[in-house]
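Geometric and topological summary
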Amino acid sequence: MNRNENGAVLSVKDVTLAYGGRTVVENVSFELMKGEILCLVGANGSGKSTLIKGILGLMPAAKGKIELHCGRDKLAYLAQLNTTDRDFPATVKEIVLSGTQTPGWRLPFYTRENRERAAEAMKLLRIEEFADRRIGNLSGGQQQRVLLARAIARRPEVLVLDEPCSALDPAITGELYGLFDSLRDSLGLSILISTHDWDYVSRSGDRVLELHQEPEFLGETGEWLKRKGGAR
Ligand code: ADP
């Protein structure tokens, strides 16, 4: 079973996360529903990335419980573009293929199914024409499309995005945001995305979780915008 009886793919219950003794996320509860886009918002330092680390299993919860109903190998993650990715000495095809392997499992070769999944992801992200190029020779927007293809090559059910457009030229962020929406529509992905981009939140977010260490708001995007004085 990939979701619980309410249709949730992820359940976060009364979660508190701390570095050493310092609590930075407190009493957070929410469920990510199948096929929804849930936007995680809040000022810098409000705990968004830490909550995401907890969800990815990179950090134990000091209190509470995080349950992934679909299984950990069905969770994919994409962060902001950084120079390590840019300098990685591999071709686009190799990078996308690497996403088809289950973490911790290092096969000496790729199976036909791995190759089919990588080809399918490259097609969805429209990067087939770059297949044999080094990732470092591409523009930032193209690089992020490659890393998104790697993330979805394992056919995940949940996609977690941590400020995925923040290092990019605003002129190309629209295209990337559009791809997240079409992946949700075509693959039925559930998306948790942390972002400062209110235009994206108002356009595509089904619901919003606003953090300020503790949750400040959890509900429909229209309701959140009303409280913020904006209009959908
Ligand atoms: P956001 O993603 O909303 O900007 P973060 O989760 O990165 O917020 O940070 C929340 C708080 O946790 C901040 O006060 C930050 O300084 C602190 N913090 C983040 N990472 C670490 C770390 N590795 N060790 C100690 N404190 C950290």
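What counts, and where the lines are drawn
Residues numbered from 1 in each chain as written. Predicted model: local features only at pLDDT ≥ 70, side-chain atom pairs only at ≥ 80, totals over all residues. Heavy atoms only, no water. Pairing = 2+ DSSP bridges. Helix = DSSP H or I, 4+ residues; strand = E, 2+ residues; numbered from the N terminus. Axes fitted to C-alpha atoms, helices over the stretch in contact; angles between N-to-C directions. Contact = heavy atoms within 4.5 Å. Phe/Tyr/Trp six-rings, centres within 6.5 Å; stacked < 30°, edge-to-face > 60°. Buried < 20%, exposed > 50% of the residue type's maximum accessible area, 1.4 Å probe, protein only. Near = heavy atom within 4 Å. Polar contact = N/O pair within 3.5 Å; in protein donor to acceptor, adjacent residues only side chain to side chain. Areas by Shrake-Rupley, 256 points an atom, 1.4 Å probe, with all protein chains shown as cover. Nonpolar A, V, L, I, M, F, W, Y, C, P; charged D, E, K, R; others polar. Salt bridge = Lys/Arg side-chain N within 4 Å of Asp/Glu carboxyl O.

Side note on the sheet that holds strand β6 (residues 158–162)
Overall, mixed pairing links the six strands, which are arranged β5-β6-β7-β3-β8-β9 in an open sheet. The open sheet has two edge strands, β5 (75–79) and β9 (214–220), and neither has a second partner. With direction set aside, neighbouring strand axes in the sheet form an average angle of 15°. Summarising the sheet, strand β3 (residues 37–41) and strand β7 (residues 190–194) pair through four bridges and their orientation is parallel. For Cys 39, the partnering residue across the bridge sits in β7 and is Ile 193. Where helix α1 (residues 48–56) meets the sheet, it contacts β3, β5, β6, β7 and β8 (207–212), and its direction lies at approximately 150° from that of β6. Contacts between helix α6 (residues 170–187) and the sheet are confined to β3, β5, β6 and β7, with β7 contributing the most and set at about 155° to the helix.

Observations regarding the environment of Ala 62
Of note, Ala 62 is situated in the loop between α1 and β4 (63–68). Separated by 44 residues in the primary sequence, Ala 62 and Ala 18 place their C-alpha atoms 6.4 Å from one another. Among residues more than four places away in sequence, those in contact with Ala 62 are Thr 16 and Leu 17.

Brief notes about the packing of aromatic side chains
Summed over the entire model, instances satisfying the criterion amount to three aromatic pairs. When the centroid spacing of 6.0 Å and the interplanar angle of 85° are considered together, the rings of Tyr 177 and Phe 180 count as edge-to-face. Of this pair, Tyr 177 and Phe 180 both sit in helix α6, three residues apart, which is roughly one turn of the helix. Residues Tyr 177 and Phe 180 agree in their burial class; the two are buried.

Notes on the sheet that holds strand β1 (residues 8–19)
The strand order across the open sheet formed by three strands is β2-β1-β4, and the pairing between neighbours is antiparallel. Single-partner strands in this sheet number two, and they are β2 (22–33) and β4. Across this sheet, the average inter-strand angle for adjacent strands is 20°, counted without regard to direction. As defined by bridge partners, β1 adjoins β2 across eight bridges and the pair is classed as antiparallel. Paired with Ala 8 across the strands is Met 33, a residue of β2.

So, the site of the ligand
Around the ligand, the structure places Tyr 19, Arg 22, Val 24, Ala 43, Asn 44, Gly 45, Ser 46, Gly 47, Lys 48, Ser 49 and Thr 50. Between the ligand and the protein, one listed contact pairs an oxygen atom with a side-chain N or O atom of Arg 22 at 2.8 Å. For the ligand, whose free accessible area comes to 560 Å², the fraction covered by protein is 63%. Going through the elements one at a time, β2 and α1 are the ones with two or more residues in the shell around the ligand. Ranked by residues supplied to the shell around the ligand, first place goes to α1 with three residues. Within the shell around the ligand, the residues separate by chemical class into three nonpolar, six polar and two charged.

Description of the pattern of salt bridges
The full count for this structure, using the stated rule, is 13 salt bridges. Ionic pairing is found between Lys 13 and Glu 67, a salt bridge with its closest N-O pair at 2.9 Å. Of this pair, Lys 13 sits in strand β1 while Glu 67 sits in strand β4, and the two are 54 residues apart along the sequence. The class of Lys 13 is partly exposed, set by a relative accessible area of 41%. For Glu 67, a relative accessible area of 24% translates into the label partly exposed. For the salt bridge of Arg 184 with Asp 206, the shortest nitrogen-to-oxygen distance reads 2.9 Å. Pair noted here: Arg 184 is in helix α6 and Asp 206 is in the loop between α7 (198–204) and β8, with a separation of 22 residues, a long-range link. One connected set of salt bridges, linked through shared partners, spans Arg 126, Arg 145 and Glu 175.

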